[in-house]
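# Tertiary structure, described
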Amino acid sequence: MQRRKRRALSVIAAAELLAMSLWFSATAAAPELAGEWGLTATETAWLTIAVQLGFVAGAFLSSALTLSDVIRPRYLFAGSAVAGAACTAAIAGFVDAATPAIALRFLTGVALAGVYPPGMKILAGWFEDGRGFAIGVLVGALTVGSALPHLLRALGGVGSPRVVLYGAALLATVGGLLALVVEPGPHQAPTAPFDPGAIGRMLRDRGTMLANGGYFGHIWELYAVWTWIPSYLLASIAANGGSGGPAVASLLAFGTIAVGGVGAVSAGAAADRFGRTSVTSASMGVSGVACVAAGFLFGSPMYLLVPFVLVWGVAVVADSAQFSAAVSELAEGPYVGTALTLQTAVGFLLTTVSIQLIPVLVDSVGWRWAFAPLAVGPAIGTLSMLRLRGLPAASKLAGGRR
């Protein structure tokens, strides 16, 4: 059994890593696309925001129809990954203007709503003990996958956006096919009937909603940082008179995002041992401080800037999996997939606000202090998890380790 569990974890993590390369594919290629198509700054930002909104729309639709619990998750994962890859390849092959590109990015986000939550449900079916570690590995894979477009750009995509777009589409297609070989685990709930009252019961469950509150505070910061860290790094390097330009900034952005995979896996193991609320609170504390510290380290030498953003990259996503693990332990068993989808839907709706907030702050205070207001998210998330810690329901977390 242990061998089968490890195999399922390895395969679905690899599939997630490859599929999630779609998320920031157009974001990484945005400077070149903006130059080719004559995009405004607002249109360029919408290449990312459209994915977030598409994900929200897809996740809400999936939640309302309980798709993650009605359709076998591996089939939903595979079909969604391939659909997202097709939308991304279409941008590279047929599009030369903002409106169709933004529409296709929206559809890519809709498709990705059928990748991440089903992936979590698949692992929840294989892991009852060690679930925090398993979902941590999945989020670690998601993290590295989200960073891949920046690596593609650094290695050959500067000046050639189609390298990034076609590359991400190919990787996602392979990821979707990989998901098909993962069998349902022994703890996976059977396919549930459509129940429109399921969401209402979730919203009335205090423990589940406090875990969601932690997630909402965390993700308010996460995607804004992931979206804008390349621009922050480019501006910081320029302020210090550094050389290397876009390629160096893209490579460092890849490292900042990808190193979070280490944080997600390590935090998963720690949460299973020491408790979910403890690990998430500590992680949000570090990342919240980093939002403010980014202002003090802006324009600093690379020997200070690089370690700082790598530590931030670890902390900003280390706790992400544990909110999902907590909901999988607290929510109604047959509708865990729907609970996870609802959590991500609301969370990603918040990211559309925080992502758009950063350029407004840049215009007002510059890149030095643009990330500081994001610290309010981790602060609220920490309070939510500490309140959850005091509830009797918290005894369900990590085998009683709160």
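In case you missed it, the structure is sitting above this.
Keep in mind that what you see is a predicted model, and the values were worked out from it rather than measured. (Residues numbered from 1 in each chain as written. Predicted model: local features only at pLDDT ≥ 70, side-chain atom pairs only at ≥ 80, totals over all residues. Heavy atoms only, no water.)

So, on to the overall build of the protein chain. What the protein chain contains, in helices and strands, is 18 helices and zero strands. Relative to its full complement of 402 residues, the protein chain shows a buried share of 59%. Once local pairs closer than 6 in sequence are excluded, the contacts in the protein chain between residues at least 24 apart make up 85%. For the protein chain, the exposed area adds up to about 14,300 Å²; of that, 68% sits on carbon and sulfur atoms. (Helix = DSSP H or I, 4+ residues; strand = E, 2+ residues; numbered from the N terminus. Buried < 20%, exposed > 50% of the residue type's maximum accessible area, 1.4 Å probe, protein only. Contact = heavy atoms within 4.5 Å. Areas by Shrake-Rupley, 256 points an atom, 1.4 Å probe, with all protein chains shown as cover.)

It is worth spelling out the packing of helix α11 (residues 206-239) against helix α12 (residues 245-258) at this point. It is the contact of α11 with α12, at a shortest axis distance of 9 Å, that shows an interaxial angle of 135°. By the angle class used here, α11 and α12 are oblique. Between α11 and α12 lies a crossing of right-handed hand. Two secondary-structure elements touch here, α11 through W226, I229, P230, L233, L234 and I237 and α12 through G245, P246, V248, A249, L252, A253, T256 and I257. Here the contact of α11 with α12 is built from residues that sort into 12 nonpolar, two polar and no charged. (Axes fitted to C-alpha atoms, helices over the stretch in contact; angles between N-to-C directions. Parallel < 35°, antiparallel > 145°, perpendicular 65-115°, else oblique. Left-handed = near helix turned anticlockwise from the far one by under 90°. Nonpolar A, V, L, I, M, F, W, Y, C, P; charged D, E, K, R; others polar.)

Under the counting rule described, the total for this entry stands at 17 aromatic pairs. Ring geometry for F24 versus Y223: centroids 6.0 Å apart, planes at 25°, classification stacked. Of this pair, F24 sits in the loop between α1 (2-19) and α2 (25-37) while Y223 is found in helix α11, placing the two residues 199 residues apart along the sequence. For F24, a relative accessible area of 0% corresponds to the buried category. Given a relative accessible area of 2%, Y223 falls into the buried group. With a centroid separation of 6.2 Å and an interplanar angle of 50°, the aromatic rings of W228 and W367 are classed as tilted. Here W367 lies in the loop between α17 (336-365) and α18 (376-389) and W228 lies in helix α11, a separation of 139 residues in the sequence. For W367, a relative accessible area of 16% corresponds to the buried category. Counting every residue linked through ring pairs, the aromatic cluster contains W228, Y232, F298, F308, W312, W367 and F371. (Phe/Tyr/Trp six-rings, centres within 6.5 Å; stacked < 30°, edge-to-face > 60°.)

Let us now look at the pattern of salt bridges. Tallied over the entire structure, the rule returns four salt bridges. E329 serves as the salt-bridge partner of R276, at 2.7 Å between the closest nitrogen and oxygen. On the criterion of sequence distance, the pair formed by R276 in helix α14 (residues 276-297) and E329 in helix α16 (residues 320-330) is long-range, its members being 53 residues apart. R276 gets classed as buried once you look at its relative accessible area, which sits at 1%. In this structure E329 comes out as buried when scored by relative accessible area, which is 17%. Residues participating in the shared-partner salt-bridge network are D272, R276 and E329. (Salt bridge = Lys/Arg side-chain N within 4 Å of Asp/Glu carboxyl O.)

As a further point, take helix α6 (residues 98-112). The end-to-end C-alpha distance of α6 is 21 Å, a good match for the 21 Å that 15 residues give at a rise of 1.5 Å each. Taken together, the buried positions of α6 are occupied by A98, A101, I102, L104, R105, T108, G109, A111 and L112. (Expected span 1.5 Å × (residues − 1).)

For the rest of this paragraph, the subject is the environment of A315. Relative to the assigned elements, A315 resides in helix α15 (residues 302-318). When its relative accessible area of 8% is taken as the criterion, A315 is described as buried. Between the C-alpha atoms of A315 and A264, which are 51 residues apart in sequence, the distance is 8.4 Å. Ignoring sequence-local partners within four residues, the contact set of A315 consists of S283, V286 and S287.

Of all 11 residues in helix α7 (residues 116-126), 11 are buried, a share of seventy percent or more. Residues of α7 that are buried include every one of Y116, P117, P118, G119, M120, K121, I122, L123, A124, G125 and W126, and no others.

Once that is clear, we can look at the nonpolar core. Counting residues in hydrophobic clusters, the biggest one holds 101 residues, and the most contacted among them are Y223, Y232, W312, I358 and F371. Broken down by element, the residue count for this core peaks at 15 residues, all from α11. For this core, the two domains that each supply at least three residues are domain 1 (1-182) and domain 2 (194-401). Discounting residues that sit within four places of it in the chain, Y223 has contacts with W23, F24, Q52, L142, F348, T351 and I355. Core analysis: the second largest hydrophobic core is formed by 21 residues, A26, A30, A92 and A101 among them. (Core = buried A, V, L, I, M, F, W, Y, C linked by side-chain atoms within 4.5 Å. Domains from an automatic or database assignment.)

Next up on the list: the packing of α14 against α16. Across the interface, α14 lies against α16 with an axial gap of 10 Å and an inter-helix angle of 155°. Viewed along their axes, α14 and α16 adopt a mutual orientation that is roughly antiparallel. Like other packed secondary-structure pairs, α14 and α16 cross with a definite hand, here left-handed. For the pair α14 and α16, contact is made by R276, T280 and M284 and by Q322, F323, A325, A326 and E329, respectively.

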